[in-house]
Amino acid sequence: MSCVRVLAIETSCDETAAAVVDDGRAVRSSVVASQAEIHARFGGVVPEIASRAHVELICDVIEQALVEAGTSLDEIDAVAAVRGPGLAGALLVGVSAAKAISIATGRPYVGVHHHEAHLYAAMIEDPTLEPPLVTLVVSGGHTLLIAMDDHGSYRVLGETVDDAAGEAFDKVARFLGLGYPGGPAIDRIAREGNPEAIRFPRPMRSVGLDFSFSGLKTAVVQYVRKHPAAEVADLAASFQAAVVDVLVEKLQRAADETGIDTVVAGGGVAANSALRQRLVDLGAAGGLRVVIPRVALCTDNAAMVGAVAAYRLASDGPTPLEAPVVSNLRLV
Ligand code: KG4
Ligand code: ZN
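Residues numbered from 1 in each chain as written. Chains lettered and ligands numbered in written order. Predicted model: local features only at pLDDT ≥ 70, side-chain atom pairs only at ≥ 80, totals over all residues. Heavy atoms only, no water.

## Some remarks on the pairing of strand β9 (residues 262–266)
Line of reasoning, step 1. With five of five residues buried, β9 lies mostly within the body of the structure.
Line of reasoning, step 2. Residues of β9 alternate between two faces, with Thr262, Val264 and Gly266 on one and Val263 and Ala265 on the opposite face, all of them buried.
Line of reasoning, step 3. Two elements, strand β6 (residues 133–138) and β9, share four bridges in a ladder whose sense is parallel. The residue of β9 that forms the bridge with Leu136 is Ala265.
Line of reasoning, step 4. Direction of pairing for β9 relative to strand β10 (residues 289–291): parallel, over a ladder of three bridges. What sits directly across from Thr262, in β10, is Arg289.
Line of reasoning, step 5. With helix α9 (residues 273–284) bridging β9 and its parallel neighbour β10, the resulting β-α-β unit is right-handed. (Buried < 20%, exposed > 50% of the residue type's maximum accessible area, 1.4 Å probe, protein only. Helix = DSSP H or I, 4+ residues; strand = E, 2+ residues; numbered from the N terminus. Pairing = 2+ DSSP bridges. Right-handed = clockwise from strand over helix to strand, strands pointing away.)

## Section: the sheet that holds β10
Line of reasoning, step 1. Taken in spatial order, the five strands of this open sheet run β8-β7-β6-β9-β10, and their pairing is mixed. Looking at strand neighbours, the two that pair on one side only are β8 (153–159) and β10, the edges of this open sheet. When strand polarity is set aside, the average angle formed by the axes of neighbouring strands in this sheet is 20°.
Line of reasoning, step 2. Set on the sheet, α9 makes contact with β6, β9 and β10; between it and β10 the angle comes to about 155°. (Axes fitted to C-alpha atoms, helices over the stretch in contact; angles between N-to-C directions. Contact = heavy atoms within 4.5 Å.)

## What to know about the nonpolar core
Line of reasoning, step 1. Among the nonpolar cores identified, the biggest contains 61 residues, and Val6, Leu7, Ile9, Ile62, Val112, Tyr120 and Val305 are the most heavily contacted of them.
Line of reasoning, step 2. For this core, the element with the highest residue contribution is helix α11 (residues 303–316), accounting for nine residues.
Line of reasoning, step 3. Of the residues that make up this core, three or more belong to each of domain 1 (5–119 + 298–316) and domain 2 (131–295).
Line of reasoning, step 4. Excluding its chain neighbours within four sequence positions, the residues that come into contact with Val112 are Ala80, Ala81, Val82, Arg83, Gly84, Ala117, Val305, Val308 and Ala309.
Line of reasoning, step 5. Counting 47 residues, the second largest nonpolar core, distinct from the first, contains Phe211, Leu235, Ala237 and Val269. (Core = buried A, V, L, I, M, F, W, Y, C linked by side-chain atoms within 4.5 Å. Domains from an automatic or database assignment.)

## Some details on the coordination of the zinc ion (ligand 2)
Octahedral six-donor coordination of a metal ideally yields angles of 90 or 180 degrees, compared with 109.5 degrees for tetrahedral four-donor coordination.
Line of reasoning, step 1. Coordination of the zinc ion (ligand 2) by the protein is provided by His114 (NE2), His118 (NE2) and Asp300 (OD), with metal-donor distances spanning 2.0 to 2.1 Å.
Line of reasoning, step 2. Going along the chain, you hit the donors of the zinc ion (ligand 2) in the pattern H-x3-H-x181-D. Here the residue His114 occupies a position in helix α4 (residues 114–125), and Asp300 occupies one in the loop between α10 (295–298) and α11, the gap between them amounting to 186 residues. (Donors = N, O, S within 2.8 Å, 3.2 Å for Na, K, Ca; no water.)

## Details of the sheet that holds strand β1 (residues 5–10)
Line of reasoning, step 1. The strand order β3-β2-β1-β4-β5 describes an open sheet built from five strands, whose pairing is mixed. The open sheet is flanked by β3 (26–34) and β5 (109–113), the only strands paired with a single partner. Neighbouring strand axes in the sheet, compared pairwise and without regard to direction, differ in orientation by 20° on average.
Line of reasoning, step 2. As paired strands, β1 and strand β4 (residues 78–84) are joined by four bridges and run parallel to one another. Note that in β4 the partner of Ala8 across the bridge is Ala80.
Line of reasoning, step 3. Across the sheet, helix α3 (residues 88–105) lies against β1, β4 and β5, angled at about 155° from β4, the strand it touches most.
Line of reasoning, step 4. Lying over the sheet, α4 contacts β1, β3, β4 and β5, oriented at roughly 90° with respect to β5.

## Examining the domain arrangement of the protein chain
Line of reasoning, step 1. As assigned here, the protein chain comprises domain 1 (5–119 + 298–316) and domain 2 (131–295).
Line of reasoning, step 2. Measuring from the centre of the C-alpha atoms in domain 1 to the corresponding centre in domain 2 gives 26 Å.
Line of reasoning, step 3. Contacts between domain 1 and domain 2 engage 17 residues on the former and 22 residues on the latter.
Line of reasoning, step 4. Of all residues in domain 1, His115, Leu119 and Cys298 give up the largest surface area on contact with domain 2, accounting jointly for 46% of the area buried on that side.
Line of reasoning, step 5. Viewed at the interface, domain 2 and domain 1 are joined by zero salt bridges.
Line of reasoning, step 6. Applying the counting criterion to the domain 1 and domain 2 interface returns ten residue pairs in polar contact (both at pLDDT 80 or more). (Buried area = accessible area lost by both parts, 1.4 Å probe. Salt bridge = Lys/Arg side-chain N within 4 Å of Asp/Glu carboxyl O. Polar contact = N/O pair within 3.5 Å; in protein donor to acceptor, adjacent residues only side chain to side chain.)

## A few points about the pattern of salt bridges
Line of reasoning, step 1. Per the stated rule, a full pass over the model turns up 18 salt bridges.
Line of reasoning, step 2. Here Asp22 and Arg28 are joined by a salt bridge, their closest N and O atoms 3.5 Å apart.
Line of reasoning, step 3. Overall, Asp22 belongs to the buried group, its relative accessible area being 10%.
Line of reasoning, step 4. The closest approach of N and O atoms between Asp163 and Lys171, which form a salt bridge, is 3.3 Å.
Line of reasoning, step 5. Through salt bridges with shared partners, one network takes in Arg202, Arg205, Asp245, Glu249 and Arg278.

So this is what it looks like as C-alpha cells:
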C-alpha cells in the first residue's frame, strides 16, 4: 500500500472521536471526547442527547486530531467515518462531517463498519499482525467471534443469542447500584471481591461458539433477592469471572475448530482487567499468539477506524456519498 493518510471519525454511540492514521497502522493522533458524564445521570445513553452532543463536539475534536498529528486537511488522502452499526442520529453526525470534508477537499470518503474497526485495533497494537486470525469482539451492543481469513474476508463463527457481554455488565452494574457505564464500575469493585464467592452459571459454556448472557444477569438478580446481605464486591467479581470464563473458553474453541493460531480481542469489554489477564495467560500457555490492544484502542476510538479505512479504500475504492448510515449494518 502506498502512503495513505486518513482522517477518521467515530460517532456511533457516546464517544465523539477523530484520529489521523498513516498506512492503516501508524496512529499520528487519536482524540476521544467521552459523553459518559452527560449520560450517567440517565443510567444509559440517551440517543437524542448523544446526537446533540456530537454536533457540539465534532468540529473541535477533528481540529484537535489534525493539530496533534501535525497535519492539515491539505495533507489528508481520505476521510473516513463509521456508518454502522450504531445509533442512527449519532452516526449521521460523523458521517455528515466526513462527507462535508470529502466534498470540500475533493478527497475520497470511506464508510467503515464499527466491528471491522474494533478488529483492526489489534493491527495498530501489533503492526506485524496479518490474517488469518480469530477475533473476539465484545462491546456494549455485540458479542461476536469472527474468523478473519484475509483483509475484508470474514466468517462469523459465533454471536450472542440474547444480551451482549457489555450489556450484561451494564445491566448488572445498574442492578447493583454501581452506576453507568457499568463495565468499568464492575471491573473496579471486583478487584476487592472474591471471584469464587458465588458460583454463577456459565451459559452455553460447553456447546458451540454462540453466547448467552441474559440468564446470567437473571441469576445475579435472583441471588441478590435470596441473599440481600451479599457483598457487592463478591457479586461483581463472581459475575465477571463467569463472563470471562465463557468468553475465553469460546475464543480458545474457535481457534481449535478453525485451526487458526492467532487470536485477538477488541471492543469495550476487552478493556476488562480480568479478561485481559486471562488472555495474557492464554498466550503464555503456548500454542496461540494472542494480541490484546491497549485499553484506549479497545473502547470506542477513531484510530481503529483510520486503520481499517486504508484497507477498504485500497480494495473497494471510495464509498459513494449517497451511502446511508445503517444502524444494524452487518459485517457479512
Ligand atoms: O466498544 P464500546 O466502547 O462501545 C460499543 O461499541 O458498544 O463498548 C462499550 C461497552 C459497555 O457496555 C461498557 O460497560 C463495556 O464496554 N466496558 C467494559 C469495561 N470498559 C468498558 N466492560 C467490562 N470491563 C471494563 N473495564
Ligand atoms: Zn464499539
